[in-house]
Amino acid sequence: MTATSAATAFSTDDVDPAAWRDLLVRNWMTHDAMWFGQSVMHHGIDATNELNCAAVRAMGAVEAKRVVRLLGLPAVAGPADVRRFFDAAIALVIPSFMSFEAAWADDSTQATFHITRCFAHDGVESLGVLEQYRCGIYPRLYGWLDTLGVAFEVQPAASGCVWAADGCHRTLTFLFP
């Protein structure tokens, strides 16, 4: 075995942080797609949907705790805190190659999320199970809200894929006493 010289040694400092993040997210998404496909083949779409949505929501809850801790965010006291969290979390965890936008009501009590390119839609369509698929994207956000202790309503309330010609739209209304 030979030692690597300092001149040829790899350093993560040489990698653009955005490119590194995109690599990590693409790898996670590949794992997710491979797991989903294997689960459909071995257990069927119904069991896969149940497991996937539960796992994604639980992951979102853990992710929210980590984002709050990383950024030192205060406990959510109202709609402005929800928006602050969502703006930060989306910037941190949604990669640049995904088209994910949020349009907020002026008082931050409601947000409409719009996805114009969805890897999950494309993947389940290629598996031939789109009609039976339960969206696994939004449960991540629901897990965030679970951790933040924020009640919410979703429109449309359908758990399936609501993809349309112009993408996917879901509106979350945040409920405060």
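See above for the structure.
Report follows, based on the coordinates. (Residues numbered from 1 in each chain as written. Predicted model: local features only at pLDDT ≥ 70, side-chain atom pairs only at ≥ 80, totals over all residues. Heavy atoms only, no water.)

**Points about the pairing of strand E1 (residues 99-104)**
Consecutive side chains along a regular strand alternate between the two faces of the sheet. In the sheet, E1 pairs with strand E2 (residues 110-117) via 6 bridges, with the strands oriented antiparallel. Looking across to E2, one finds that Trp-104 is bridged to Ala-111. Linking E1 back to E2 in an antiparallel pair, the connection comprises 5 residues, with Ser-108 at a positive phi of about 60°. (Pairing = 2+ DSSP bridges. Helix = DSSP H or I, 4+ residues; strand = E, 2+ residues; numbered from the N terminus.)

**A few points about unusual backbone geometry**
The omega torsion across Gln-155 and Pro-156 is -5°, close enough to zero to call that bond cis. Examined against the element boundaries, Pro-156 turns out to sit in the loop between strand E3 (151-155) and strand E4 (168-175). Residues other than glycine seldom take positive phi values, yet Ser-108 does so here, at roughly 60°. Tracing the sequence through the fold places Ser-108 in the loop between E1 and E2. By relative accessible area, Ser-108 is classed as buried at 7%. (Buried < 20%, exposed > 50% of the residue type's maximum accessible area, 1.4 Å probe, protein only.)

**Things to note about the environment of Val-124**
Inspection of the secondary structure puts Val-124 in helix H4 (residues 119-127). Put simply, Val-124 and Gly-149 are 25 residues apart on the chain and 31 Å apart in space, counted from C-alpha to C-alpha. Here Val-124 is in contact with Phe-36, Val-129, Leu-130 and Tyr-133, once residues within four sequence places are set aside. (Contact = heavy atoms within 4.5 Å.)

**Details of the pattern of salt bridges**
Between side chains of opposite charge, pairing is possible as soon as their charged atoms come close. Under the defined criterion, the tally for this structure stands at 4 salt bridges. Among the ionic pairs, Arg-83 bridges to Asp-87, the shortest N-O distance being 3.7 Å. Here Asp-87 and Arg-83 lie together in helix H3 (residues 79-93), a separation of 4 residues that amounts to about one turn. When its relative accessible area of 39% is taken as the criterion, Asp-87 is described as partly exposed. (Salt bridge = Lys/Arg side-chain N within 4 Å of Asp/Glu carboxyl O.)

**Observations regarding the nonpolar core**
Residues Phe-85, Phe-86, Phe-113, Tyr-138 and Trp-144 are the most contacted members of the largest nonpolar core, which totals 41 residues. Those elements giving two or more residues to this core turn out to be helix H1 (17-43), helix H2 (45-71), H3, E1, E2, H4, helix H5 (138-148) and E4. Discounting residues that sit within four places of it in the chain, Phe-85 has contacts with Ala-64, Val-67, Val-68, Leu-73, Trp-144 and Leu-148. (Core = buried A, V, L, I, M, F, W, Y, C linked by side-chain atoms within 4.5 Å.)

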